[in-house]
Structure formats: C-alpha cells, structure tokens
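Results of the structural survey
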Amino acid sequence: MAAELLSGLALASFRLNGQFLHVAEELAKPAGMTAAWWQVLGAVLEEPLPVAGIARVMGMTRQGVQRIADLLVERGLAEYRPNPAHRRAKLLQPTEAGRAAIARIVPGHRDFADRLVDALGLDAARESLTALHRLTTALDHLTTPP
C-alpha cells in the first residue's frame, strides 16, 4: 500500500511539475525569458543570494543555477555583487532590465493564477498548497542527512 502511494505521489508530482514548467515557459516567453531564467531571477528579487542559496531555495543543482546565473549576467538581466559573508561566493541580484523582464511576466501570471483559482475554488487551492507543503516537508525530513 505505501509503495503504491509513493509511486502515485511521485507520478502525480512529475506530471504537475511538467504542467507548471509548460505554463511557466508560456508566461516567460513574452518577456524573452525561459522558465528556468524566471525561476532563478525570481529567487533573488527580494534579496541577493549566492548560487548555492538559490539552488537550495529552488530545489535545483548548484551547477544548473550557476549556468543560468551566468547567462542572466551575460544578458544584462542580473549581476554579481560582493558577498560580505563569503569572499568567493558572490551574490546574484537582478538588474533594472531583469526587474523589467519580470514585470512583463506579472500580468499573464496574475491572469493565469486567477483562472486556476477559479477552476479549483479558493478553499481547494489553499488545501492543495497546504498538502504540497506537507509533502515537501516530509520529504525534506526523510532525505536530508542529520
């Protein structure tokens, strides 16, 4: 029973991930971005972070984030800043061009969010989010070394 539940949860989450990636690609496209660029740039909108910090927050590999961060810097959407806490691990932060690109995504994002919540209903959307948080927390506890 538990093995079947684990398989069902994994398969459903893989499908959900694919669906969200497709939606994110479509939303990011008008801003000239990809879903991965949006994900990394979005992680540093509130505060600059080192690549390893972005990877932790986003559940990505450090190498994958590094590749995307370098592309964002190369295209003028982000920049590296000195990190007072660590000389070699520079902080990534968006440039004005990066913030403008994210701002171009916001209207489509808001529209899609409204349509999704309308389709689910507000209570079901909140319950879904709570269930996903519980699942990720449980997985973190089971997969993070002590």
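This structure is a prediction, so every number in the text was calculated from the model and none was measured.

Focus: the side chain of Asn 83
Position of Asn 83 relative to the elements: it lies in the loop between β2 (78-81) and β3 (91-94). The class of Asn 83 is buried, set by a relative accessible area of 13%. Separated by 2.8 Å, the side chain of Asn 83 and the backbone oxygen of Ala 89 make a polar contact. Beyond its immediate stretch of four places on either side in the chain, Asn 83 contacts Pro 50, Ala 89, Lys 90 and Leu 91.

Re the pairing of β3
Each regular strand shows side chains that alternate between the opposite faces of the sheet. Pairing of strand β1 (residues 49-50) with β3, which is carried by two bridges, proceeds in the antiparallel orientation. Bridged to Leu 49 within β3 is Leu 92. Taken together, the four bridges between β2 and β3 define a ladder with antiparallel strand orientation. When the bridges of β3 are listed, Tyr 80 appears paired with Leu 92.

Here's the deal with the layout of surface pockets
Counted as a void, the largest pocket has a volume near 2000 Å³. Lining the largest pocket we find 41 residues, and of these Leu 16, Asn 17, Phe 20, Leu 132 and Thr 136 sit closest to its centre. If you list the elements that add at least two residues to the lining of the largest pocket, you get α1 (2-28), α2 (35-43), α3 (51-58), α5 (96-120) and α6 (122-143). For the lining of the largest pocket, the per-class residue count stands at 30 nonpolar, eight polar and three charged.

Some remarks on the sheet that holds β1
Backbone hydrogen bonds hold the strands of a sheet together, and the pairing may be parallel or antiparallel. Reading across the sheet, the three strands line up as β1-β3-β2 and stay open at both edges, with antiparallel pairing between neighbours. The open sheet has two free edges, formed respectively by β1 and β2, since each of these has just one partner strand.

Some details on the packing of α1 against α5
Following both chains from N to C, one finds α1 and α5 inclined at 140 degrees, their axes separated by 9 Å at the closest point. The orientation of α1 relative to α5 falls into the category oblique. Of α5, the residues touching α1 (which contributes Val 23, Leu 27 and Ala 28) are Ile 105, Gly 108, His 109 and Phe 112. For the contact of α1 with α5, a count of residues per class yields five nonpolar, two polar and no charged.

Conventions we followed
- Every chain is numbered on its own, with residues counted from 1 as its sequence reads.
- Since the coordinates come from a predicted model, pLDDT governs what is reported: local features require at least 70, and pairs of side-chain atoms require 80 or more to be given and counted, while whole-chain, interface and lining totals use all residues.
- As a convention, hydrogens and water are excluded, and side-chain values are obtained from all of the structure's heavy atoms.
- Helix numbers and strand numbers start at the N terminus; a helix is a DSSP run of H or I with at least 4 residues, a strand a run of E with at least 2.
- Throughout, exposure labels follow a simple rule: accessible area from a 1.4 Å probe, protein chains only, divided by the maximum for the residue type, with under 20% read as buried, over 50% as exposed, and the rest as partly exposed.
- Residues adjacent in sequence count toward polar contacts only when both atoms are side-chain atoms; beyond that, a polar contact is any pair of N or O atoms within 3.5 Å, and within protein one must be able to donate a hydrogen and the other to accept it.
- Two residues form a contact once any of their heavy atoms are found within 4.5 Å.
- In this description, strands pair whenever DSSP reports at least two bridges between them.
- Points on a 1 Å grid over protein atoms alone make up a cavity when a 1.4 Å probe fits among them but cannot get out, and a pocket when they form an open set with protein on both sides within 12 Å along at least five of seven lines; lining residues each have an atom within 4 Å of a point.
- Grid points are joined across faces, edges and corners, and a volume is the space filled by probe spheres set on the points.
- Each residue is assigned to one of three groups, with Ala, Val, Leu, Ile, Met, Phe, Trp, Tyr, Cys and Pro labelled nonpolar, Asp, Glu, Lys and Arg labelled charged, and all others, Gly among them, labelled polar.
- Where helices are involved, their axes are fitted lines through C-alpha atoms of the stretch in contact, as for all axes, and angles between N-to-C directions lie from 0 to 180°.
- Here the word oblique covers every angle except those under 35 degrees (roughly parallel), over 145 (roughly antiparallel) and from 65 to 115 (roughly perpendicular).

Honestly, that's just the spatial picture; any functional story needs more than this.
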